[in-house]
Amino acid sequence: MRNAGALLRRPTPPRPGPGPMAEGLLRALDVSVGRRVEGLLAGDFRSNLLGTGSELAMMRPYVAGDDVRRIDWNVTARTGEPHVRVDLAERVLVIGLDSMDCRLVERWCDEGRLPNIDALRRRSAEFALTNSLDSLPGAIWVELSTGRTAGHEGRYYVPAQLRTGEPYARPVRSDEVDTSKCFWTVAGQAGRRVVVFDVPERVPHRGLDGLQLFDWGGHDATWPTMSDPAPLADEIRAMFPPHPVPSCDVAQGGGRDEYLHLARALRAGVALRAEVAAHLLGRADWDLGVVCFIEVHCVGHQFWSFLTDAHPVRVDDPPREVADAIRDVYVATDAAIGCLVEQAGAQTTVVLLASHGFGAFVEGPQLLPELLVRLRVNPPPSPIATSLSRLPTGVRSVLRRVVPDSLRDRRNARSGAVPSVTLASPANRAAVLENNRCGAIRLNLRGREPHGSVAPGAEADALLDDIRAEIEALVDPSGERIATRVATARELFGPDHHADVPDLMVTFRQDLGP
C-alpha cells in the first residue's frame, strides 16, 4: 500500500508523452492521400462500407431475424423481454411511392405478394401523416418534401394555378419552385452528400454536394428533365433508354390493346427506374438518398376501374394483365425496393413514404360556377360563348387542337363552363379554381387582384359567409348534404397563410362519383 501511495503522489511530468522522436520515425508516419475522380463527382470519398452506428436511436423488442449481437441485456433484464439496440444509421434512404394505396399494400402484404415492403413494415414504426387531401389535394408532395403545409407554401395545383396579382390561372414555372426548404436541401447545406431522383413537382437545388435528377419519367412529367450537376441528365440519356411511358394518358379512350400496352410499359418502367436509381446511388458515397416511384400513380389513374366492382366505369372481360395491372405494378415496385434496400446496406435507415392512395373520381366542384351565378356573385354566361358548346363533337375537337389554351380558358369562363378560373373583370366577384377533387373559390379582392371588386374586411367576410351557407345547403335527391366541410383559408391555415391559396375550400362526399 505504501508503494501505491507513492505512485499516486508522484507529480505529473511537465511535458507528458513519449518524449523526443527521431525524424526518420516521424517521416514513416506520413500518409499519402490519393484523390479519386469518377464521372461528375470528384472528391475524397469516405468508404462505402458501413459499420454499426454509434448513437442510440431507440430500444425495441427483438424480432425474429434480428442480429443477436444487438440485444441489449440490461433492458432485456429490466423488461423481461428481449430488446435490441437500434442506432442512428450512418445514412438514410427515403423511397417515395407516389399515390400508392396503403389499403392495397396491407392486403397484398398479408397475401405475401409484397415481401420486401412487408419485411420493412414488420421491423419498423408506422405513422399516419396528416395531409391536405381535404383542402388542397394537389400539394401532397410539396408538404412531404418540405414538412410545411400547402397553406404556407402556396403551391397546390402546378398545372394551372392562379397567382396573386394575375387574372388568369397558368402553369407554375420551374423557376418559381422554392427548393430551399426541401429536406434534402437542408441536409445538403449541412454538409451531407445527397442523391435525389424524381421527386414529383420538385426541381434541383443548385450547388448541393451530390446528384439530383428530376422529371426523368413517369406520371406526366411537370417540366423538362433537369439535373444538378447539369450534365447528369445527358449522361443518363446516353446510358439508359427513355422511360417507356411518355404520358400516363396514352390509353384513355382506347381499347384492349392500348390498356395492355400501358400495363406492360408501366412494369418495364419500374424496372428501368430501379436501374437508374441503382446507378445514381452507386455513383457516390451518399448520406441521404431519395428515390420516388411514379408508376404506381399512373397505374392507379388508368386501371382503378378494373380493380373494384363499385367503380361506375367498367370494361367487359379485360385480359388478366389489364385486370391485375395495379397489383402487378405494386409487385414490380416491391421487387425494386428490395434491390435498392440491399444495395444501400443493412445499416441504412429506410423510410417508405406512400402518399395519398386512390378512389373513384369525386364529383361536386363542377357545381360551384353555377352556384356563383345564381348567387349573383358572377354574371350569367355569355350566350355567344355557350353557343360554341353546341357545335358538333368533331368541330369542337378540331378547335381544341388549334385554339390556344388561354383563349379557350377565357371562353370557358364566359360560358360558365368548368373551369372558370378568371378574375379578369370586376364583374366577377369570385372565381372557381381548379383544385383536383376539392372545391376552391377565390374572391376578386381589391388590393390583391388587378381588377378587384370586393373590399377586404367586412364585405369580403360577408360574401364568404353567403357562399358558404349556399354550399352547405346543397343536397342530393335523398336530402343528404353533399359537402362535408366548407372552410376558409384562415380557418385551415391561420392568419399568416400564403396569399396564393384559395379563400374558401370545399370537401365533398366521397360517394359523389360520375
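This report concerns the structure included in the present document.

Analysis parameters
As a convention, each chain's residues are numbered from 1 in the sequence order in which they are written. With the structure being a predicted model, the display of local features is reserved for residues of pLDDT at least 70 and the display and counting of side-chain atom pairs for 80 or more, all residues being used for whole-chain, interface and lining totals. The basis for every side-chain value is the complete set of non-hydrogen atoms in the structure, without hydrogens or water. To count as a disulfide, a pair of cysteine sulfur atoms needs to be within 2.5 Å. Secondary structure elements follow DSSP: runs of H or I of four or more residues count as helices, runs of E of two or more count as strands, with numbering from the N terminus. We call a residue buried when its accessible area falls under 20% of the maximum for its residue type, exposed when it is over 50%, and partly exposed in between, using a 1.4 Å probe and counting protein chains only. As used here, the arc belongs to the directions running from the helix axis to the C-beta atoms. Throughout, a contact is declared for two residues whenever any of their heavy atoms are within 4.5 Å. Here, a salt bridge means any side-chain nitrogen of Lys or Arg that lies within 4 Å of a carboxyl oxygen of Asp or Glu. For Phe, Tyr and Trp, where Trp contributes only its six-membered ring, two rings pair if their centres lie within 6.5 Å, and the inter-plane angle classes them as stacked under 30 degrees, edge-to-face over 60, or tilted in between. In this analysis, strands are considered paired if DSSP registers two or more bridges between them. Only the stretch in contact is used when fitting a helix axis, every axis being a line fitted to C-alpha atoms; angles between N-to-C directions are given from 0 to 180 degrees. Patch membership needs two things, relative accessible area over 30% and no salt bridge, and members are linked within 9 Å if like-charged or within 5 Å if nonpolar (Val, Leu, Ile, Met, Phe, Trp, Tyr). Accessible surface area values rest on a Shrake-Rupley calculation with a 1.4 Å probe, where residue burial reflects the displayed protein chains alone. In plain words, nonpolar cores are sets of buried Ala, Val, Leu, Ile, Met, Phe, Trp, Tyr and Cys residues tied together by side-chain atoms within 4.5 Å. Geometric relationships in this document are graded by angle, where less than 35 degrees denotes roughly parallel, more than 145 denotes roughly antiparallel, 65 to 115 denotes roughly perpendicular, and other angles denote oblique.

Focus on the state of the cysteines
Per the stated rule, a full pass over the model turns up 1 disulfide. The disulfide partner of C248 is C298, and the S-S distance across this bridge is 2.2 Å. Given an S-S torsion of about 110°, the disulfide between C248 and C298 has right-handed geometry. A residue pair is termed long-range when its members are at least 10 positions apart, and C248 in the loop between α9 (232–239) and α10 (256–283) and C298 in helix α11 (residues 295–303) qualify at 50 residues. Neither C248 nor C298 differs from the other in exposure class; each is buried.

As for helix α4 (residues 102–110)
Turning to α4, its buried residues are L104, V105, W108 and C109. End-on view of α4: buried residues confined to an arc of 130°, all on one side of the axis. Along α4, exposed side chains directed more than 90 degrees from the buried face belong to R103 and D110. Residues of α4 that are buried make contact with α5 (115–122) and α13 (325–344). Phi for G112, located one or two positions after α4, is positive at around 80°.

Re the pattern of salt bridges
Across all of its chains, the model carries 39 salt bridges by this definition. In this structure, D66 engages R60 in a salt bridge whose closest nitrogen and oxygen atoms are separated by 2.9 Å. Classification of D66 by relative accessible area gives buried; the value is 8%. Using a relative accessible area of 15% as the deciding quantity, one classes R60 as buried. Taken together, the shared-partner salt bridges in this structure form one network comprising R155, R163, E166, R170, R173, D175, E176 and D500.

Section: the packing of aromatic side chains
A full pass over the atoms with the stated rule returns 7 aromatic pairs. Their ring planes at 90° and their centres at 5.4 Å tell us that W108 and Y330 sit as a pair that is edge-to-face. Of the two residues, W108 is situated in helix α4 and Y330 in helix α13; the sequence distance between them amounts to 222 residues. Both residues of the pair, W108 and Y330, count as buried. Seen from their ring centres, Y259 and F306 are 5.4 Å apart, and the 75° between their planes marks the pair as edge-to-face. Taken together, the residues span a long stretch of sequence, with Y259 in helix α10 and F306 in the loop between α11 and α12 (320–323) at a distance of 47 residues. For Y259, a relative accessible area of 14% corresponds to the buried category. Among the aromatic residues, those joined into a cluster by ring pairs are F183, W184 and F214.

Here's the deal with unusual backbone geometry
The omega angle of the peptide bond from D228 to P229 is 0°, so this bond is cis rather than trans. Residues other than glycine seldom take positive phi values, yet S99 does so here, at roughly 65°. Considering the arrangement of structural elements, one finds S99 in the loop between β5 (92–97) and α4.

Notes on the sheet that holds strand β7 (residues 210–214)
As summarised here, the arrangement of the 6 strands in space is β8-β7-β6-β9-β5-β10, forming an open sheet in which the pairing is mixed. Every interior strand has two partners, whereas the edge strands, β8 (226–228) and β10 (349–354), have only one. The mean inter-strand angle of the sheet, taken between neighbouring strand axes irrespective of direction, is 10°. Sheet topology note: the β5/strand β9 (residues 288–293) ladder contains 6 bridges and is parallel. Pairing of V94 across the sheet is with V290, part of β9.

A look at a nonpolar patch on the surface
Taken together, V395, V398, L399 and V402 make up a surface patch of nonpolar side chains, about 310 Å² in accessible area. Among the structural elements, V395 can be located in helix α16 (residues 393–402).

Looking at the nonpolar core
Among the nonpolar cores identified, the biggest contains 55 residues, and L213, L280, F293, F303 and Y330 are the most heavily contacted of them. Among the elements that make up this core, the one with the highest residue count is α10 (13 residues). Beyond its immediate stretch of four places on either side in the chain, F303 contacts Y259, L262, A263, L266, V322, A325 and I326.

With respect to the packing of α11 against α13
Two elements in contact, α11 and α13, have axes whose closest approach is 9 Å; the angle formed by their N-to-C orientations is 175°. Put simply, α11 runs roughly antiparallel to α13. Of the residues in α13, those touching α11 at E295, V296, V299, G300 and F303 are A325, I326, V329, Y330 and T333.

A look at the environment of L512
For L512, the location among the structural elements is in the segment after β14 (504–508). Using a relative accessible area of 15% as the deciding quantity, one classes L512 as buried. Residues L512 and I482, spaced 30 residues apart in sequence, show a C-alpha to C-alpha distance of 7.8 Å.

Focus on the sheet that holds β14
What the 4 strands build is an open sheet, ordered β11-β12-β14-β13; its pairing is antiparallel. Taken across any chain shown, the strands that pair with only one partner, and hence form the sheet edges, are β11 (430–432) and β13 (483–488). Pairs of neighbouring strands in the sheet enclose a mean axial angle of 15°, with direction left out of account. Of the pairings in the sheet, the one linking strand β12 (residues 439–443) to β14 comprises 3 bridges and is antiparallel in character. Across the sheet, the residue bridging to I441 is L504, located in β14.

What about the packing of α5 against α13?
Where α5 meets α13, the axes come as close as 7 Å, and the angle between the chain directions of the two elements is 60°. Compared by their axis directions, α5 and α13 come out oblique. Here P115, N116, I117 and L120 of α5 lie close against α13, whose contacting residues are D334, A335, I337, G338 and V341.

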